[in-house]
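# Secondary and tertiary structure notes
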Amino acid sequence: MTSQPDPLFRPLKIGDIEIRNRVAMAPMSRHRTALSGVPTDLNVEYYRQRASAGLLITEGTYPCALGQGYLFVPGLVDQAHVDGWRKVAEAVHGEGGAIFVQLMHAGRISDPLILGGELPVAPSAIAPPMTEPYDSPWPKPKRPYAVPRELSHAEILATVDAFAASAVQARAAGLDGVEIHAASGYLPMQFLSTNANLRTDQWGGSIERRAAFLLALVDAVAAATSPGFVSVKLSPGWQFNQVDDTDPIATYTYLVQQLSKRSIAYLHVGNYGMAWDVYGTLRPLFDGPMIFNAGFHRAAARAAMIEQGADMVAFGQHFIANPDLVERYRNDWQVTRPAVATYYTQGADGYTDYPVYAECDPATLQDPDLPVNPIMP
Ligand SMILES: Cc1cc2nc3c(=O)[nH]c(=O)nc-3n(C[C@H](O)[C@H](O)[C@H](O)COP(=O)(O)O)c2cc1C
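Thresholds, definitions, all that
- Residues numbered from 1 in each chain as written.
- Predicted model: local features only at pLDDT ≥ 70, side-chain atom pairs only at ≥ 80, totals over all residues.
- Helix = DSSP H or I, 4+ residues; strand = E, 2+ residues; numbered from the N terminus.
- Buried ≥ 20, exposed ≤ 12 C-beta atoms within 10 Å, placed from the backbone.
- Contact = placed C-beta atoms within 7 Å.
- Pairing = 2+ DSSP bridges.
- Axes fitted to C-alpha atoms, helices over the stretch in contact; angles between N-to-C directions.
- Core = buried A, V, L, I, M, F, W, Y, C linked by C-beta atoms within 7 Å.
- Right-handed = clockwise from strand over helix to strand, strands pointing away.
- Parallel < 35°, antiparallel > 145°, perpendicular 65-115°, else oblique.
- Left-handed = near helix turned anticlockwise from the far one by under 90°.
- Nonpolar A, V, L, I, M, F, W, Y, C, P; charged D, E, K, R; others polar.

## Quick look at the overall build of the chain
Along its length, the chain carries 10 helices and 14 strands. Each principal axis of the C-alpha distribution contributes one length, and for the chain these read about 55 × 40 × 40 Å. Considering the chain as a whole, with its 377 residues, one finds that 49% of them fall into the buried category. Of all intrachain contacts in the chain linking residues separated by at least 6 positions in sequence, the fraction that spans at least 24 positions is 74%.

Have a look at this one:
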């Protein structure tokens, strides 16, 4: 250890709140919510256990019924959702933590079976090619994707309004802010992508037009709440969920410059194995806190903060298996390896039953400065 203060444990102001350290929990869908999308007591316990993170970013949460991409994921649409999320927010705040809810509209990555028979919606009526085996361990359909229905201009505006209304619900639930999920090939990234958005109206074509949907979401949520209540997650150039961009550097350079003008709480950027220098290109363009994500361990996070301008680092799989991750990092304790098989199963197993350090089986432990698993979506 150097004599310098550890960059991971300095407080940080994001939006209107101050958080107590720079160890964020990355958003992770765990598929353990009620079928109604209402967070359960088990979900409350999961987030409460992890509340020593400087910031918890929740699993993807649908802002409107057509945005739901999977079963057993949460929503933030009606009063029952608000009441469920309020219990989560109160539990996290009771431990001195902070929590942003990730608003996720799956767009064409949904299925009529999940949407009560409705077709999924998308910028253009193009189904994602199904390249993975149907027995993939990921929560993918076990059959080809449906051809989605192209959103009309009026429906795009209604979707923007739905995000704003959901953000207002987030504030009513006592959450500290929202993160707009514009990564991983879901609806906002479908608009950004050259292979999923073939529109010829104001929402497609040039970079400016492909970026218009996401910027409209940010502006609408900021107007309905406040700029400091809004944040965005990007995965520049990542082809997950079969999106593609013929020139991601140009697209994301423009987009980050535009986001930088908006005084949002933070920008969350995931580098999912790109060959180009994602952080080196985009960090200088954004005037505000930036979270780096994907594939970090403690030593890599410290280096990213000292050398690459990360203000905060989000850890995913480390947080699945280590409810007390912050304490382990701070005390130089070993970390528990996560069990991939229970990422998306039901119940407490592999969810709320990971022990704190003092109760760990040494055989499950590893050095905190080593990678956990390959990057997972
Ligand atoms: C089980 C699981 C679920 C995930 N769900 C989401 C999600 O809902 N929203 C999102 O933005 N990223 C999601 N991710 C990606 C993580 O936020 C993170 O980028 C990824 O796990 C890589 O970081 P890590 O190496 O620290 O785990 C998920 C990852 C995992 C492992």
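Next comes the rest of the write-up.
## Focus on the sheet that holds strand β10 (residues 266-270)
Overall, parallel pairing links the 8 strands, which are arranged β3-β4-β5-β8-β9-β10-β11-β12 in a closed barrel. The average undirected angle you get between the axes of adjacent strands in this sheet is 25°. Sheet analysis places strand β3 (residues 23-25) next to strand β4 (residues 55-61), joined by 2 bridges and oriented parallel. Looking at β4, one finds that M25 is bridged to L56.

## Notes on the environment of A106
Topologically, A106 is positioned in the loop between β5 (99-103) and β6 (121-122). Owing to 27 C-beta atoms within 10 Å, A106 belongs among the buried residues under this scheme. When near neighbours in sequence (up to four residues on either side) are disregarded, A106 contacts G67, Q68, G69, Y186 and L187.

## Topic: the environment of P39
Within the secondary structure layout, P39 lies in the loop between β3 and α1 (41-49). P39 gets classed as buried once you count the C-beta atoms within 10 Å, which come to 29. Through-space distance from the C-alpha of P39 to that of A80 is 9.0 Å; in sequence the pair is 41 residues apart. Not counting residues up to four positions away in its chain, the partners in contact with P39 are T33, V44, P74, G84, W85, K87 and V88.

## Focus on the nonpolar core
In terms of nonpolar packing, the biggest core is built from 101 residues, with A24, V178, I180, V221 and V313 touching the most fellow members. The contacts of I180, once residues within four sequence positions are left out, are L103, F163, P188, L217, V218, V221, V230 and V232.

## A closer look at the pairing of strand β9 (residues 230-234)
In terms of burial, β9 is largely enclosed, as 5 of its 5 residues are buried. Residues V230, V232 and L234 of β9 are buried on one face, and the alternating residues S231 and K233, pointing to the opposite face, are buried as well. Bridge analysis of β9 against β10 gives 4 bridges, and the strand direction is parallel. When the sheet's bridge partners are listed, K233 is paired in β10 with H268. Between the parallel elements β9 and β10, the chain passes through helix α6 (residues 248-260) in a crossover that is right-handed.

## Quick notes on the pairing of strand β12 (residues 312-315)
Here β12 shows two buried faces, one formed by M312 and A314 and the other by V313 and F315. Pairing analysis gives 3 bridges linking strand β11 (residues 290-293) to β12, with the strands arranged parallel. Considered in β12, the bridge of N293 is made with A314. Crossover β11 to β12 through helix α8 (residues 298-307) is right-handed.

## Examining unusual backbone geometry
Backbone geometry at F72 places phi at a positive 60°, although glycine is not the residue there. For F72, a count of 17 C-beta atoms within 10 Å gives the class partly exposed. For S263, which is not glycine, the phi dihedral falls at a positive 55°. Locating S263 in the fold gives a position in the loop between α6 and β10. A tally of 14 C-beta atoms within 10 Å means that S263 is categorised as partly exposed.

## Digging into the packing of α1 against helix α2 (residues 79-94)
Interaxial distance between α1 and α2 falls to 8 Å at its minimum, and their mutual angle equals 25°. Relative to α2, α1 is oriented roughly parallel. Here α1 and α2 pass one another in a crossing that is right-handed. Contacts from N43, V44, Y47 and R48 of α1 reach α2 at K87, V88, A91 and V92. Here the contact of α1 with α2 is composed, by residue class, of 5 nonpolar, 1 polar and 2 charged.

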